[in-house]
Amino acid sequence: MLAAVVVAIGWAAQHGGRGAGTAGSPTAASSGTATGSASGSATARPSAGAAGDPAPTVSADPYDPARFAAQVVSSARRAGVGPQMLMAILYNESYKPHDPALERAWQRLKPDAAFGIANMHKATFDDTKKGRDFAGRDWQQLPDDPALAIEAAAWYLHDLAAQLPAHRSNGYTEDELLALGYNTGASNMRAFARGVKLGSMAQTYLDHLHQNWATAAVAVKGH
């Protein structure tokens, strides 16, 4: 147990991911000056890479989300969201090792920590599961059940999409806004859609989406 706690502290000190549905105030989430992409342009899109770029590869790392490609495609289709988008979110959320014992050790140190391979917080999971096939499942099951975590993430993206404003005052794509919503919560997502600038954490998450976009496409191809 002590070893798991030490490892948990180690990766937590190195990474700043917030997990699904961590809502903060728009001001706190948008205190930076970046405007939407790795290059600083609000019009940038998740990209499959320019011609001549090296082909993205899927890692053999046992924590690589690509091993869940079949579940990602199936859950994404049921929820009406893009499989590439859902897989890219899993890559964004793979900043920590998703080992059940490690997650629970960290949760004892930080009770509001997120659970599962999609890093979902309890309140988000409990809200998302209402009326769904997994309504009878418990948030505590997420670390041990990747399929449940993927299904919940897919439906949370579905619910976020339903909250996007019809008219947006910036150049973000729907996928970019959904990623921002997944990371910072629906209220911040709507604020970003209205033109509120991104803070450093939101910008980093969006940068990672761009970096993971092509790899996510490779991971779900053929499933």
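Preceding this paragraph is the structure being described.
This report concerns the structure included in the present document.

Reading the values: the criteria
- Residues numbered from 1 in each chain as written.
- Predicted model: local features only at pLDDT ≥ 70, side-chain atom pairs only at ≥ 80, totals over all residues.
- Heavy atoms only, no water.
- Helix = DSSP H or I, 4+ residues; strand = E, 2+ residues; numbered from the N terminus.
- Buried < 20%, exposed > 50% of the residue type's maximum accessible area, 1.4 Å probe, protein only.
- Contact = heavy atoms within 4.5 Å.
- Areas by Shrake-Rupley, 256 points an atom, 1.4 Å probe, with all protein chains shown as cover.
- Salt bridge = Lys/Arg side-chain N within 4 Å of Asp/Glu carboxyl O.
- Axes fitted to C-alpha atoms, helices over the stretch in contact; angles between N-to-C directions.
- Parallel < 35°, antiparallel > 145°, perpendicular 65-115°, else oblique.
- Left-handed = near helix turned anticlockwise from the far one by under 90°.
- Phe/Tyr/Trp six-rings, centres within 6.5 Å; stacked < 30°, edge-to-face > 60°.
- Lys NZ or Arg CZ within 6 Å of the ring centre and 35° of its normal.

1. A short note on the overall build of the chain
Thought 1: Looking only at helices and strands, the chain has 10 helices and zero strands in total.
Thought 2: Listing the helices and strands of the chain from first to last along the sequence gives α-α-α-α-α-α-α-α-α-α.
Thought 3: Within the span of the chain, comprising 223 residues, buried residues form 47% of the whole.
Thought 4: Within the chain, residue pairs in contact and separated by at least 24 positions form 74% of the contacts whose partners lie at least 6 positions apart.
Thought 5: Counting every atom, the chain has about 10,100 Å² of accessible surface; 55% of that belongs to carbon and sulfur.

2. Observations regarding the pattern of salt bridges
Thought 1: On inspection of all chains with the given rule, the structure shows six salt bridges.
Thought 2: The closest approach of N and O atoms between K129 and D126, which form a salt bridge, is 3.8 Å.
Thought 3: Looking at K129, the relative accessible area reads 15%, which means it is buried.
Thought 4: Each member of the salt-bridge network shares a partner with another, and the members are K122, D126 and K129.

3. Some words on the packing of helix α4 (residues 83-92) against helix α10 (residues 200-220)
Thought 1: Contact geometry of α4 with α10 gives a least axis separation of 7 Å together with a crossing angle of 120°. The angle between α4 and α10 places the two elements in the oblique class. By crossing handedness, the relation of α4 to α10 is classed as right-handed. Every residue of α10 that contacts α4 at P83, Q84, M85, M87, A88, I89, Y91 and N92 is listed here: Y205, H208, L209, N212, W213, T215, A216, A217, A219 and V220.

4. With respect to unusual backbone geometry
A negative phi angle is the norm for most residues apart from glycine, just as the trans form is the norm for most peptide bonds.
Thought 1: A positive phi angle is found at N119, which is not glycine, with a value near 50°.
Thought 2: Turning to its location among the elements, N119 is positioned in the loop between α5 (100-109) and α6 (122-128).

5. Quick look at the packing of aromatic side chains
Thought 1: Tallying each qualifying case throughout the model produces three aromatic pairs.
Thought 2: Here F115 and W139 contribute two aromatic rings whose centre-to-centre distance is 4.3 Å and whose plane-to-plane angle is 20°, an arrangement assigned as stacked. With F115 in the loop between α5 and α6 and W139 in the loop between α6 and α7 (146-162), this pair connects stretches of sequence that are 24 residues apart.
Thought 3: Residue F115 is classed as buried on the basis of its relative accessible area of 1%.
Thought 4: Look at W139 and you get buried, because its relative accessible area is 4%.
Thought 5: On the numbers, 5.9 Å between centres and 40° between planes, the contact of F125 with F134 is tilted. For the residue pair F125 and F134, the accessibility class agrees, reading buried in each case.
Thought 6: Across from the ring centre of F115, 5.8 Å away, lies the NZ or CZ of R104, which sits over that ring.

6. Observations regarding helix α8 (residues 174-184)
Thought 1: With nine of 11 residues buried, α8 is to be regarded as a mostly interior element.
Thought 2: Restricting attention to buried positions, one finds in α8 the residues E176, L177, L178, A179, L180, G181, Y182, N183 and T184.
Thought 3: Summarising the contacts, the buried residues of α8 are in contact with α4, α7, α9 (186-193) and α10.
Thought 4: Positive phi shows up at G185, right after α8, with a value of about 100°.

On their own, these measurements won't tell you what the molecule is for.
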